[in-house]
Amino acid sequence: MHIDGDAFFASVEIAKNPSLRGKPVVVGKERGIASAFSYEAKALGITRGLPIYQIHKRFPQVVILPGDYISYTTYSEKMFDIVRRYTDNLEEYSIDECFADLTGWDKPLKMSYEKILLRIQNEIKEELDISVSIGLASTKVLAKVASKWRKPGGITLIPDNLVYEFLIKTPIEKIWGIGRRTSVYLNKKGIITAYDLAIKDEAWVTHILSKPYIEIWKELNCILVSKVDPRKKDTYASIQKTRTFYPPTSNPEMLMSQISKNLEGACSKARHYSLRASRVAIFLKTQEFRYYSCEISLLAPSNIPEIILPIVRKEFPKVFRSDRVYRTTGVTLRDLVSGEMRQESLFGEDKKDKKFEIIHKEVDALVEKFGVGVVHLASTNKAFRKQTRGATDTDDLDRNLLFL
Ligand SMILES: [Mg+2]
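Residues numbered from 1 in each chain as written. Predicted model: local features only at pLDDT ≥ 70, side-chain atom pairs only at ≥ 80, totals over all residues. Heavy atoms only, no water.

**What about the overall build of the protein?**
Part 1 of the argument: Counting its regular elements, the protein contains 16 helices and 12 strands.
Part 2 of the argument: Since a compact globule built from 404 residues should have a radius of gyration of about 22 Å, the 22 Å found for the protein is in line with a globular shape.
Part 3 of the argument: On the principal axes, the C-alpha backbone points of the protein span a range of 65 × 55 × 40 Å.
Part 4 of the argument: A total of 404 residues make up the protein; the buried ones form 51% of that total.
Part 5 of the argument: The contacts of the protein with a sequence gap of at least 6 include a subset with a gap of at least 24, amounting to 67%.
Part 6 of the argument: Working note: accessible area of the protein is about 19500 Å², and carbon and sulfur atoms make up 54% of it. (Helix = DSSP H or I, 4+ residues; strand = E, 2+ residues; numbered from the N terminus. Rg over C-alpha atoms; globule rule 2.2 N^0.38 Å. Buried < 20%, exposed > 50% of the residue type's maximum accessible area, 1.4 Å probe, protein only. Contact = heavy atoms within 4.5 Å. Areas by Shrake-Rupley, 256 points an atom, 1.4 Å probe, with all protein chains shown as cover.)

Set out below in structure tokens:
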């Protein structure tokens, strides 16, 4: 079973304050961009990452709220506890998603699987006043397809004999674990839907793809590879580094150097936990405490600053203006994936990744031994010579860090 909260952050805000029900609600005021929104806001055309000031101007009727991550975490825990009434074997996958293994529970509970899903969905609705979508199938990859099938408030079961009927209507890039770069590669090989991949034989798959994708292929064919893992996670949903400096500056090189330093620190933390980011967000905060930010999708998950920095540098002009004076910069690594799920030896660029990985192993060891700053990127140099005042403004912190 895979359970996914529907517009979770916005739903929690509405559960906390029911007078918001039916209204377009956007969360993300403190970050300056829409990080979550209700279905009513989505219907207006609001997308993830849209700047708050633009939403304000274009859709004055939208209710804009700062993220309240303490509440989201509380609701999340309560939601998972409801699921645990039916099975202990639950894996907290993210703040609003979990996998749970229901195998065999239909008999002792004297209910069909469908009935169990309905009961769970109803209890979450009644006790927490939030809506979830639930999918059930033989494997995690298929359960994810099922929970996404009908949203919000959906319940979808994919029995083994109907799997292909679902996969034929599912584009390959919608499959959990298949990134943008891999789907482009697979498209070139004639794989457009998940069905196209599922029906390939093992020889073709092992020739064309690396281990994580062979596992996805197996799971598409109802062979369980990834078991539900009920162990508590000690990883992070996102990693952020931010710093306020003094005096404030309009110098783009100095700001890029600060961002480089933020990124270097965040990447180092990610490597420590064997995590790689699929998305990177940067922000600049002005003297007037206004935020300007943007979010970038990486072609492949990474924790190597030398790979990410050139991409960030290209986006920087979108948030920077020479007539503003800035006091803080920040970098957030988002959509973290653990080390095992990487796209190994599939593409040429991996050689470059590997090379940097070896270098960073050595650098990380030096930093461990002699302290932060003993070795750093040349692009971070200016930031190191700059006087700083305090480390971090607490209001800049991404509270998502609290979770997982
Ligand atoms: Mg969700």
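**Some remarks on the domain arrangement of the protein**
Part 1 of the argument: We note that the domain assignment places domain 1 (1–134), domain 2 (159–231) and domain 3 (239–402) within the protein.
Part 2 of the argument: Computed over C-alpha atoms, the centres of domain 1 and domain 2 are 27 Å apart.
Part 3 of the argument: Contact with domain 1, which involves 8 residues of that partner, is made by 5 residues of domain 2.
Part 4 of the argument: Summed over the three residues of domain 1 that lose the most area to domain 2, namely N89, E91 and F99, the buried surface amounts to 63% of that side.
Part 5 of the argument: At the boundary of domain 1 and domain 2, one finds 0 salt bridges.
Part 6 of the argument: Among the secondary structure elements, those contributing two or more residues to the side of domain 1 that touches domain 2 are β5 (90–94) and β6 (97–100).
Part 7 of the argument: Partitioning the side of domain 1 that touches domain 2 into residue classes produces 4 nonpolar, 1 polar and 3 charged. (Domains from an automatic or database assignment. Buried area = accessible area lost by both parts, 1.4 Å probe. Salt bridge = Lys/Arg side-chain N within 4 Å of Asp/Glu carboxyl O. Nonpolar A, V, L, I, M, F, W, Y, C, P; charged D, E, K, R; others polar.)

**Digging into a nonpolar patch on the surface**
Part 1 of the argument: Among the surface-exposed residues, L366, F370, V374 and V375 lie close enough to one another that they form a single nonpolar patch of about 330 Å² accessible area.
Part 2 of the argument: On the accessibility criterion, V374 (42% relative accessible area) is partly exposed. (Patch = residues over 30% accessible without salt bridge, like charges linked within 9 Å, V, L, I, M, F, W, Y side chains within 5 Å.)

**Examining the coordination of the magnesium ion**
Part 1 of the argument: Protein-derived coordination of the magnesium ion comes from D4 (OD), G5 (O) and D96 (OD), at a distance range of 2.2 to 2.4 Å.
Part 2 of the argument: Mapping the donors of the magnesium ion onto the primary sequence gives the spacing D-G-x90-D. Taken together, the residues span a long stretch of sequence, with D4 in strand β1 (residues 2–5) and D96 in the loop between β5 and β6 at a distance of 92 residues. There is no split in this pair, since D4 and D96 are both buried. (Donors = N, O, S within 2.8 Å, 3.2 Å for Na, K, Ca; no water.)

**Here's the deal with the packing of aromatic side chains**
Part 1 of the argument: By the definition in use, this model includes 11 aromatic pairs.
Part 2 of the argument: On the basis of an interplanar angle of 85° and a centroid distance of 5.5 Å, the ring pair of Y93 and W176 is categorised as edge-to-face. One end of the pair, Y93, is in strand β5; the other, W176, is in the loop between α8 (163–167) and α9 (180–188), and 83 residues separate them in sequence.
Part 3 of the argument: Note on F316 and F320: the rings are 5.3 Å apart at their centroids and 15° apart in plane angle, and the pair reads as stacked. We note that F316, like F320, is buried. (Phe/Tyr/Trp six-rings, centres within 6.5 Å; stacked < 30°, edge-to-face > 60°.)

**Here's the deal with the nonpolar core**
Part 1 of the argument: Membership of the largest hydrophobic core comes to 32 residues, with the highest contact counts inside it found for M1, I3, F8, M79 and I120.
Part 2 of the argument: Those elements that place two or more of their residues in this core are α1 (8–16), α4 (69–84), β6, α6 (113–128) and β7 (132–136).
Part 3 of the argument: Tallying contributions element by element places α4 first for this core, with 7 residues.
Part 4 of the argument: Residues within four places of I120 in sequence aside, it is in contact with M1, I3, I82, V83, Y86 and I134.
Part 5 of the argument: Core analysis: the second largest hydrophobic core is formed by 28 residues, L255, M256, C267 and F320 among them. (Core = buried A, V, L, I, M, F, W, Y, C linked by side-chain atoms within 4.5 Å.)

**Some details on helix α12 (residues 211–220)**
Part 1 of the argument: With 7 of 10 residues buried, α12 is to be regarded as a mostly interior element.
Part 2 of the argument: Within α12 the residues assigned to the buried category are P212, Y213, I214, I216, W217, E219 and L220.
Part 3 of the argument: Check the buried side of α12 and you find it contacts α7 (140–149), α8, α9, α10 (194–198) and α11 (202–208).
Part 4 of the argument: Within two residues after α12, C222 carries a phi angle of roughly 70°, on the positive side.

**What to know about α9**
Residues separated by three or four positions in an α-helix point in the same direction, a consequence of the helix having 3.6 residues per turn.
Part 1 of the argument: Inspection of α9 places R181, T182, S183, Y185 and L186 among the buried residues, and these make up the whole buried set.
Part 2 of the argument: Where α9 ends, the next residue or the one after it, G190, has phi of about 90°, a positive value.

**Focus: the confidence of the model for the protein**
Part 1 of the argument: Taken residue by residue, the protein gives an average pLDDT of 87. The fraction at 70 or more is 91%.
Part 2 of the argument: Predicted confidence for residues 340–345 stays below pLDDT 50, and this span has 21 contacts to residues more than four positions away or in other chains.
Part 3 of the argument: Confidence drops under a pLDDT of 50 for residues 389–395, and excluding neighbours within four residues, the segment shows 17 contacts in the predicted structure. (pLDDT = per-residue confidence, 0-100.)

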